[in-house]
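Next come the chains, spelled out residue by residue.
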Amino acid sequence: MIGNVVAMAPVYDDDPYAEEHLVDPYPLFARMLAEDSAVWLSQHEVHAFTHFDAVHDILVDHETYISGAGVGPVNLHVVPNWRPQGILESDPPRHTPMREAMTGVIAPRKMRALRPGFDAYAAEMAEAVLERGELDLVHDLAEPFTLRMFGDAVGIPREGREQHLVRHGAMNFSYFGPDNERHRRFVEDGLDTIDYVMENCARERLTPDGMGAQIWEYADAGVIEPERAVLLVRAMLSAGLDTTILAIAITLKLLAEHPDAWAKVHADPALAKFAIDEALRFDSPFQSFFRTTSRDVDIDGVHLPAGTKLLLLPGAANRDPRRWGDDADVFDIDRNAGGQLSFGMGIHQCVGQPISRQESDALITALAERVATLELTDAPTPFVHNTLRGWTSLPARVG
């Protein structure tokens, strides 16, 4: 017995939040995946779930495994949150109108209307990098493209985006993990972004035709309260920007490291969407988060009393050979990677998924149409974060 939880699972003294495992989590994940669906992490006193089926089933059962107690290790039913809880940290019925507003604004048909603008800017960027030859796939492509396209789609002012938005998202996502030195560093680095983001999520700062203004229309219609409109616009910026930048960079890195795969996409740019899905499966930009049990529950022999935190590792589940086969550790754009868990699942599945996919597909398609060769020219620099995974620099050459 540890606290009020019976640890009926293999005990791991490894810390998945140690830098060595954040830089390369997959050897540890492989060992965990060889165990039963849960392991006990002694350093954090929590059960971590790695198997695809277990993670999937927990995500879709939002009544048993709730988000309203926080998606980080702190139980917000016990320790009050330092800020108002948004859509990610809400359960029905509070969650329902917020979800309705977000899915209404980020509907696939509305995202398709944005695609011509995405394609035009992606083509402009692809032409520029092809002419230059040498570039950084993060600083010169993934980051500026997403900041421009996503920021314009939301409708916030362009001034200040580069200085504030990425740091703000990294700060917010750091609360999904433990309160360690790395978390405190991201929080300290992002505190000065809060005023900028909140001010620019207000109605008067948004363009009248953007997604942010459309969220405010739901407040006018009485679907959500005005104070929640601000939180939802903020949620768009936090959830739809950092992870899209990371997803684009991860995909480009993998395609650069697999020239045969890039040759396929170059020959048929329609394959870009499949390469993106496989990249998200193979190296998820969203590695871990928590849920809390609403009732006593048993999972594969592990008893979790009501109010217990549990850690989900979609980064591991996306490499589970039970779901993906013995070649789960192979990047293969011919694989059917549909159903991977990088966007979550169930009512808390990322509502920004349609726009993230449109942006990623637009940029990588534009590159594939113009760039015959894509190769890395120096070692990638990893982005070391408790929850997110990606790269801060990817020096490359195109031709």
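Quick caveat, the model's predicted, so the values are computed rather than measured. (Residues numbered from 1 in each chain as written. Predicted model: local features only at pLDDT ≥ 70, side-chain atom pairs only at ≥ 80, totals over all residues. Heavy atoms only, no water.)

**A closer look at the overall build of the protein chain**
Definition in use: Helical segments are the DSSP runs of H or I of at least four residues, strand segments are the runs of E of at least two, and each set is numbered from the N terminus. The size measure is the radius of gyration over C-alpha atoms, and the globule rule it meets is 2.2 Å times the number of residues to the 0.38 power. We call a residue buried when its accessible area falls under 20% of the maximum for its residue type, exposed when it is over 50%, and partly exposed in between, using a 1.4 Å probe and counting protein chains only. For the accessible areas, the method is Shrake-Rupley and the probe is 1.4 Å, while residue cover comes only from the protein chains on display.
The secondary structure content of the protein chain amounts to 17 helices and 13 strands. Here the C-alpha atoms of the protein chain give a radius of gyration of 21 Å, agreeing with the 21 Å that 2.2 N^0.38 yields for 399 residues. In terms of overall dimensions, the protein chain has C-alpha extents of about 65 × 50 × 35 Å along its principal axes. The buried share among the 399 residues of the protein chain stands at 59%. Accessible surface, the protein chain: about 15,900 Å² in total, of which carbon and sulfur atoms supply 52%.

**A look at the side chain of Thr-193**
Stated formally: In the analysis that follows, any N or O atom pair within 3.5 Å is treated as a polar contact, provided that within protein one partner can donate a hydrogen and the other can accept it, and provided that, for residues neighboring in sequence, both atoms belong to side chains. Here, two residues are considered to be in contact whenever any of their heavy atoms come within 4.5 Å of each other.
Structurally, Thr-193 is set in the loop between α8 (181-190) and α9 (194-200). Polar side-chain contacts of Thr-193 include one of 2.8 Å to the side chain of His-168. Thr-193 has contacts with His-164, Arg-167, His-168 and Met-171, leaving out every residue within four places of it along the chain.

**Details of the sheet that holds strand β3 (residues 46-49)**
Here is the rule we go by: Paired strands are those between which DSSP finds at least two bridges.
With mixed pairing, the six strands of this open sheet are ordered in space as β1-β2-β3-β9-β6-β4. Looking along the sheet, the strands with just one partner apiece sit at the ends: β1 (11-12) and β4 (65-66). The pairing of β4 with strand β6 (residues 289-293) spans two bridges and is classified as antiparallel. When the bridges of β6 are listed, Ile-66 appears paired with Thr-292.

**Some details on the sheet that holds strand β5 (residues 134-136)**
Here is the rule we go by: Orientation is described by axes fitted as lines to C-alpha atoms, over the contacting stretch for helices, and by angles from 0 to 180 degrees between their N-to-C directions.
Within the open sheet, the three strands sit side by side as β5-β13-β10. Their pairing is antiparallel. One side of each edge strand has no neighbouring strand; the edge strands of this open sheet are β5 and β10 (374-376). Going from strand to strand, the sheet's axes swing by 35 degrees on average, the running direction of each strand aside. Bridge count between β5 and strand β13 (residues 395-398): three bridges; the pairing is antiparallel. Each bridged residue has a counterpart across the sheet, and for Glu-134 the counterpart in β13 is Arg-397.

**Concerning the pairing of β13**
Relative to β13, β10 is paired through three bridges, and the arrangement is antiparallel. By the bridge assignment, Glu-375 is partnered in β13 with Arg-397.

**Some words on the pattern of salt bridges**
Here is the rule: Definition used for salt bridges: Asp or Glu carboxyl oxygen within 4 Å of a side-chain nitrogen of Lys or Arg.
If you walk through the whole model with that rule in mind, you get 24 salt bridges. Notably, a salt bridge pairs Asp-119 with Arg-115, separated by 2.7 Å at the nearest N-O pair. Residue Asp-119 and its partner Arg-115 are located together in helix α5 (residues 108-132), separated by four residues, close to a single helical turn. Across the salt bridge formed by Glu-134 and Arg-397, the nearest N and O atoms sit 2.9 Å from each other. Of the two residues, Glu-134 sits in strand β5 while Arg-397 sits in strand β13, which places them 263 residues apart along the sequence. The partly exposed category is assigned to Glu-134, whose relative accessible area is 39%. A residue is classified by how much of its surface remains accessible, and Arg-397, at 35% relative accessible area, is partly exposed. Each of Glu-278, Arg-281, Asp-327 and Arg-335 takes part in a single network of salt bridges with overlapping partners.

**What to know about the packing of aromatic side chains**
Going by this rule: Within 6.5 Å between ring centres, the rings of Phe, Tyr and Trp (the latter by its six-membered ring) count as paired, and their orientation is classed by plane angle as stacked under 30 degrees, edge-to-face over 60, tilted in between.
Within this structure, the stated rule accounts for nine aromatic pairs. With centroids separated by 5.7 Å and ring planes inclined at 85 degrees, the aromatic side chains of Phe-52 and Trp-324 adopt a geometry described as edge-to-face. Within this pair, whereas Phe-52 is found in helix α3 (residues 52-60), its partner Trp-324 is found in helix α16 (residues 321-324), the two being separated by 272 residues in sequence. Both residues of the pair, Phe-52 and Trp-324, count as buried. Where Phe-173 meets Phe-286, the ring centres are 5.4 Å apart and the plane angle is 75 degrees; that geometry is what we call edge-to-face. Taken together, the residues span a long stretch of sequence, with Phe-173 in helix α7 (residues 161-174) and Phe-286 in the loop between α14 (272-282) and β6 at a distance of 113 residues. For the pair Phe-173 and Phe-286, one class covers both residues: buried. The rings of Phe-173, Phe-176, Phe-286 and Phe-289 are connected pair by pair, giving a single aromatic cluster.

**Some remarks on the packing of helix α4 (residues 95-105) against helix α10 (residues 211-220)**
Note the threshold: Should an angle fall under 35 degrees it is called roughly parallel, over 145 degrees roughly antiparallel, and 65 to 115 degrees roughly perpendicular, with every other angle called oblique. Helix crossings are classified by the rotation of the near helix relative to the far one: an anticlockwise turn of less than a right angle makes the crossing left-handed, while a clockwise turn makes it right-handed. Throughout, the ten residues Ala, Val, Leu, Ile, Met, Phe, Trp, Tyr, Cys and Pro are labelled nonpolar, Asp, Glu, Lys and Arg are labelled charged, and all others, Gly among them, are labelled polar.
It is the contact of α4 with α10, at a shortest axis distance of 9 Å, that shows an interaxial angle of 140 degrees. Taken together, α4 and α10 sit at an angle that is classed as oblique. Note that α4 runs across α10; the crossing there is right-handed. Of the residues in α10, those touching α4 at Glu-100, Ala-101, Met-102, Gly-104 and Val-105 are Met-211, Gln-214, Ile-215 and Tyr-218. Grouping the constituent residues of the contact of α4 with α10 by class yields six nonpolar, two polar and one charged.

**What to know about the nonpolar core**
Stated formally: Definition used in this section: a nonpolar core is a set of buried Ala, Val, Leu, Ile, Met, Phe, Trp, Tyr and Cys residues joined via side-chain atoms within 4.5 Å.
Among the nonpolar cores identified, the biggest contains 79 residues, and Leu-141, Phe-145, Met-211, Ile-215, Ile-224, Met-236 and Leu-255 are the most heavily contacted of them. Among all residues touching Leu-255, those that are not within four sequence positions of it are Ala-261, Trp-262, Val-265, Ala-275, Phe-331, Ile-333, Ile-364 and Leu-374. Ala-9, Phe-49, Phe-286 and Trp-324 belong to the second-largest nonpolar core, a separate cluster that totals 30 residues.

**Some points on empty space enclosed by the protein**
For the record, the criterion: Cavities and pockets are defined on a 1 Å grid built over the protein atoms alone: a cavity is a set of grid points where a 1.4 Å probe fits but cannot escape, while a pocket is an open set with protein on both sides within 12 Å along at least five of seven lines, and lining residues are those with an atom within 4 Å of any such point. Grid points are joined across faces, edges and corners, and a volume is the space filled by probe spheres set on the points.
Applying the stated rule across the entire model yields three cavities of 30 Å³ or more. Estimated volume of the second largest cavity: approximately 130 Å³. Along its surface, the second largest cavity is lined by 15 residues, and Pro-16, Leu-22, Pro-25, Phe-29 and Gln-287 are the ones closest to its centre. Every element with two or more residues in the lining of the second largest cavity is listed here: α1 (19-23) and α2 (26-33).

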